[in-house]
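Here is how the chains run, residue by residue.
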Amino acid sequence: MLYQALRRFGQKLVRRHTLEQYVAKISTAGRLSTLDIVALGVVNTVGAGVYVLAGEVASDKAGPSIVICFLVAALSSVLAALCYAEFSARVPHSASAYLYNYVTVGEVWAFITGWNLILSYVTGAASVARAWSLAFDNLIGNQISQTLHESIPLNIPHVFAEYPDFFAMGLMLLFTGLLAVRASEFVLVTTVFTVVNVLVLGFVIISGFLKGKLHNWRLTEEDYIMTMFRLNDTSPLGPLGYGGFVPFGFQGILRGAATCFYAFTGFDSVVTIAEEAQNLQRSVPMGIVISVFICFLVYFGVSSALTLMVPYYQLQPGSPLPEAFLHIGWAPARYVVAIGALCALSTSILDSMFLLRWMTFVMADDGLLFGVLARIDSKTSIPIVATVVSGIITALMTSFFRLTDLVDLMSFGTLLTYSLVAICILIVRYQPELNDEENEAEAQEENGPAAEKLTLWRLFCPGSSTPTPLSGRVVYVCFSLLALLLLLLCLVLVQWPVLLLFENPLLIIVVVLLLILITGITGVIWRQPQSPTLLYFKVPALPFLPIMSVFMNVYLMMQLTLGTWALFGVWMLIGFAIYFGYGIHHREGERESQVGSALSAQSPMWGLIS
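Residues numbered from 1 in each chain as written. Predicted model: local features only at pLDDT ≥ 70, side-chain atom pairs only at ≥ 80, totals over all residues. Heavy atoms only, no water.

Visitor: Go over the nonpolar core, please, and point to the residues and values.
Guide: Soluble, globular proteins show a tendency: their nonpolar side chains are buried together. Formed by 157 residues in total, the largest nonpolar core has its most connected members in Tyr51, Tyr98, Ile118, Phe264, Ile349, Leu369 and Ile525. Residues Leu219, Tyr224, Phe248 and Tyr313 belong to the second largest nonpolar core, which totals six residues. (Core = buried A, V, L, I, M, F, W, Y, C linked by side-chain atoms within 4.5 Å. Buried < 20%, exposed > 50% of the residue type's maximum accessible area, 1.4 Å probe, protein only.)

This is the structure in structure tokens:
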């Protein structure tokens, strides 16, 4: 009796959508060209990451080596982008990151992915709104922050911000009201502001290389002391570290890269609005790759210009780019850059809120979130309840959390989502097609349970050119072991950096043993037959690139603070409470009543559970 109950519960966790069932709930508009998609990806990526994050990371985490941080983050993003490009070719519809998990590995993984995407969009909008407030406050002499800090201080360090930013909260509520704009007009606005943003950033890069000093990448303790005497305590200085190009060491680069990953988290928005593309299979993969490449060039140029113009320890949080022009004596340019920053940040807020509203609506329409969130206004055809609720939650987080906490929390959630996407790509490429899987199951029933046996020889020589249920389960088991080994390896490397490993022979043995096991299991996965399905784009060098993507993502996640892990844990507890208290039960009834004969095909993962 208990076994049957557990079996039914497990089947609910891994029940899947079919693509045809989901397509029936979506109408493809086909309004966006490849240029529109690239513009959306760039504008949703180049926001707080370039206008605020560059100063935050350079001042006390990486110094001038922030350019390396962006390079590491870009490499990790490219690996994730390749995985996104493949599943956008497989499932070219809105909310594809969530839908792809639903179609391939089951409901609980889809919920985790969707819930993390909601977290990314909430914290993304909140962080950019906070950055907007800081940039505007800097223009008027920090009067807003001083007034709020003196009037309503929040004396809860490491949990909330120093003061509630009611200005940013009101700004967030204002943008929530503007979300009644339809997609076509919305794209026009974002495209125009993208052009303005690129022009302003181009001006910053050119000015930085013209007025910057290469000496600012070779600063010493003597320079630091001279700056202290010159300023005479009129402006606080950040830490010096070791000086030079890498003032905070290799660990500083890794911590900076984990935070800088936030700067590349907008390219997944291309997948979320895939249904609007005119050419689904071509425009979306191209849009993803081009967006990541353009954003890396922008971040590399701006961070180089910024650290060449201003010594890294003089960078102040809030609005580093306008302040940099004040530092070099170009005061009028400060206002030009500030206005450009406000325009770009405004568009980024609207983008994040648009994606947040849509993701909330899709999950509610599937029954995983409360059904009231899926209600659509008959006049505007917009999910008003989802818009208002998501806007209020984002406004509260904007007001009470620090910019750094919001950035790190968004990075954490996005890194986990990208890891799930890479896992899906790895698993699905080694699974049989659904029809083939059903035929194999019927053959096994006729020929008995001994039709397909697992032997040591078959691990490396499967004997079939196409995936079978057995080879699919082998990949599931192998990757489960591989995920555990990668987690252990990341823990060892984070706790004991590479330089310290050579001083402890025991740690060297542990790392070598983990690498041998990881290599062996990867070899087993590599030998399994892949799906012959023809796609416009496939991730090359399988299984190595998805595994490398998961490793880099997990390693960067472990560079973030314990406070970030705690906040993420609270968010996931809320999500699991909603899912197990409402979604897992309501989902089944919703599917039967709204969709009719819903196909909840059994996931291949169920073979491991039962």
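Visitor: I'd like a rundown of helix H24 (residues 544-557), residues and numbers included.
Guide: For H24, built from 14 residues, the straight-helix expectation of 20 Å at 1.5 Å per residue is met to within 8% by its first-to-last C-alpha distance of 20 Å. Among the 14 residues in H24, 11 count as buried, and that is most of the element. (Helix = DSSP H or I, 4+ residues; strand = E, 2+ residues; numbered from the N terminus. Expected span 1.5 Å × (residues − 1).)

Visitor: Tell me about the pattern of salt bridges, and name the residues and values.
Guide: Taken as a whole, this structure holds four salt bridges when the rule is applied. A salt bridge links glutamate 323 to arginine 334; its shortest N-O distance comes to 3.2 Å. Of the two residues, glutamate 323 sits in helix H15 (residues 320-327) while arginine 334 sits in helix H16 (residues 331-365), which places them 11 residues apart along the sequence. (Salt bridge = Lys/Arg side-chain N within 4 Å of Asp/Glu carboxyl O.)

Visitor: I'd love a proper account of the packing of aromatic side chains, names of residues and values included.
Guide: Under the defined criterion, the tally for this structure stands at 25 aromatic pairs. An angle of 20 degrees between the planes, with centres 4.5 Å apart, marks the rings of tryptophan 115 and tryptophan 571 as stacked. Remark: tryptophan 571 occurs in helix H25 (residues 562-595) and tryptophan 115 occurs in helix H7 (residues 107-139); sequence separation between them is 456 residues. Take tryptophan 115 and tryptophan 571: they sit in the same class, and that class is buried. Considering the side-chain rings of phenylalanine 370 and tyrosine 582, the 4.8 Å spacing of their centres and the 50 degrees angle between planes classify their relative orientation as tilted. One end of the pair, phenylalanine 370, is in the loop between H16 and helix H17 (384-400); the other, tyrosine 582, is in helix H25, and 212 residues separate them in sequence. Given a relative accessible area of 39%, phenylalanine 370 falls into the partly exposed group. In textbook terms, an aromatic cluster arises when at least three aromatic residues are bridged by ring pairs, as seen for Phe111, Trp115, Trp571, Phe576, Tyr579 and Phe580. (Phe/Tyr/Trp six-rings, centres within 6.5 Å; stacked < 30°, edge-to-face > 60°.)

Visitor: Explain the packing of H7 against H17 residue by residue, including any values.
Guide: The description of two helices packed together rests on the angle between their axes and the distance between the axes. Remark: H7 packs on H17, axes separated minimally by 9 Å, with the N-to-C direction vectors making an angle of 50 degrees. The angle between the axes of H7 and H17 places the two elements in the oblique class. Relative to H17, H7 is oriented so that their crossing is right-handed. Two secondary-structure elements touch here, H7 through Val122, Thr123, Ala125, Ala126, Ala129 and Arg130 and H17 through Thr394, Met397, Thr398, Ser399 and Phe400. Per-class residue counts for the contact of H7 with H17 are six nonpolar, four polar and one charged. (Axes fitted to C-alpha atoms, helices over the stretch in contact; angles between N-to-C directions. Parallel < 35°, antiparallel > 145°, perpendicular 65-115°, else oblique. Left-handed = near helix turned anticlockwise from the far one by under 90°. Contact = heavy atoms within 4.5 Å. Nonpolar A, V, L, I, M, F, W, Y, C, P; charged D, E, K, R; others polar.)

Take it as geometry only, folks, not as evidence of what the structure does.
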